[in-house]
Every structure is written in structure tokens, then in C-alpha cells.
Amino acid sequence: MTSAMRKLSISVPPDVAERLERETNASAYITQAVRDRMRLDALDAELAHQGIPISEQGVAEARARRAAVEADWSPDRRSALRERVRQHALDAAAGTPEQPAA
């Protein structure tokens, strides 16, 4: 059984249109992007409900703190972390259970 679908007509800027034209299934791509945004909005709402509001200034400050920490990282550490994140994403996509940190 398939779920009900609705057909929409949207207008997008040229750069977005060009990106969507490269997708084999633009509808699925857009659906996933919107669902990702819905999850972020729900997280923001839950954090605000818990007394932790998210602001542009707070995000900018957190990014600056992260950049300052990462500036001290060696290329090897940066590469190792990038590989760990990549592997986690692959495992999550494959449904592999998370392994405890070593």
C-alpha cells in the first residue's frame, strides 16, 4: 500500500533548479530535505521547551568556539575524526548498531 501523495508546483532560484535537475528523483530529494528541516525545527522547539533557546548569536558563538578548538588540531586528528564521522554515517545508513567508544 502506498501513502497518499500530493502534487505541488514550486518556484525555486536557478541554482536550486540546476541542482534538482541533476537528481534522478527530485521529489524524493526535496522530501528528505524538508523532513530533515522538520526534525531540526522539532529539536529547536524541544530545546526551547526545556529552557534552551537557540539563537543566531548563540549558534555563531558556538561555531567560533568550535573553530578555535579545531584550529589546534593536527591534520592527523582532523582526518581521523572525519573518517570516524564518515563511518558512523555509513553505519547509520546501513542500520548497523552503534559500537561503544573505545
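Residues numbered from 1 in each chain as written. Predicted model: local features only at pLDDT ≥ 70, side-chain atom pairs only at ≥ 80, totals over all residues. Heavy atoms only, no water.

Points about the overall build of the protein
In terms of helices and strands, the protein carries four helices and zero strands. Ordered by position from N to C terminus, the α and β elements of the protein give α-α-α-α. Taken over the C-alpha trace, the protein has a radius of gyration of 19 Å; the compact-globule value for 102 residues is 13 Å, which it surpasses by more than 25%. Judged by the C-alpha coordinates and their principal axes, the protein covers about 50 × 35 × 30 Å. When each of the 102 residues of the protein is scored for burial, the buried share is 2%. (Helix = DSSP H or I, 4+ residues; strand = E, 2+ residues; numbered from the N terminus. Rg over C-alpha atoms; globule rule 2.2 N^0.38 Å. Buried < 20%, exposed > 50% of the residue type's maximum accessible area, 1.4 Å probe, protein only.)

Regarding the layout of surface pockets
There is about 530 Å³ of room inside the largest pocket. Every residue lining the largest pocket is counted, 14 residues in all, and those nearest its centre are Arg6, Leu8, Ser27, Ile30 and Thr31. At six residues, helix α2 (residues 26-49) tops the list of elements feeding residues into the lining of the largest pocket. Tallied by class, the residues present in the lining of the largest pocket amount to nine nonpolar, two polar and three charged. (1 Å grid on protein atoms, 1.4 Å probe; cavity = no way out; pocket = protein on both sides within 12 Å on 5 of 7 lines; lining within 4 Å. Points joined across faces, edges and corners; volume = space filled by probe spheres on them. Nonpolar A, V, L, I, M, F, W, Y, C, P; charged D, E, K, R; others polar.)

Thoughts on the confidence of the model for the protein
Residues with a pLDDT of 70 or more make up 92% of the protein, whose mean pLDDT is 89. Here helix α4 (residues 75-94) stands out as the element of the protein with the lowest mean pLDDT, 90, in contrast to helix α1 (residues 14-21), whose mean of 96 is the highest. (pLDDT = per-residue confidence, 0-100.)

With respect to the pattern of salt bridges
In this structure the tally under the stated criterion is five salt bridges. Residue aspartate 36 pairs with arginine 39 through a salt bridge whose shortest N-O separation is 2.3 Å. Placement of both aspartate 36 and arginine 39 in helix α2 is noted, with a separation of three residues, approximately one turn of the helix. Taking the relative accessible area as the measure of exposure, aspartate 36 reaches 34% and is therefore partly exposed. Between glutamate 70 and arginine 66 there is a salt bridge; the shortest N-O distance is 2.6 Å. Of the two residues, glutamate 70 and arginine 66 are both situated in helix α3 (residues 56-71); the distance of four residues between them amounts to about one turn of the helix. (Salt bridge = Lys/Arg side-chain N within 4 Å of Asp/Glu carboxyl O.)

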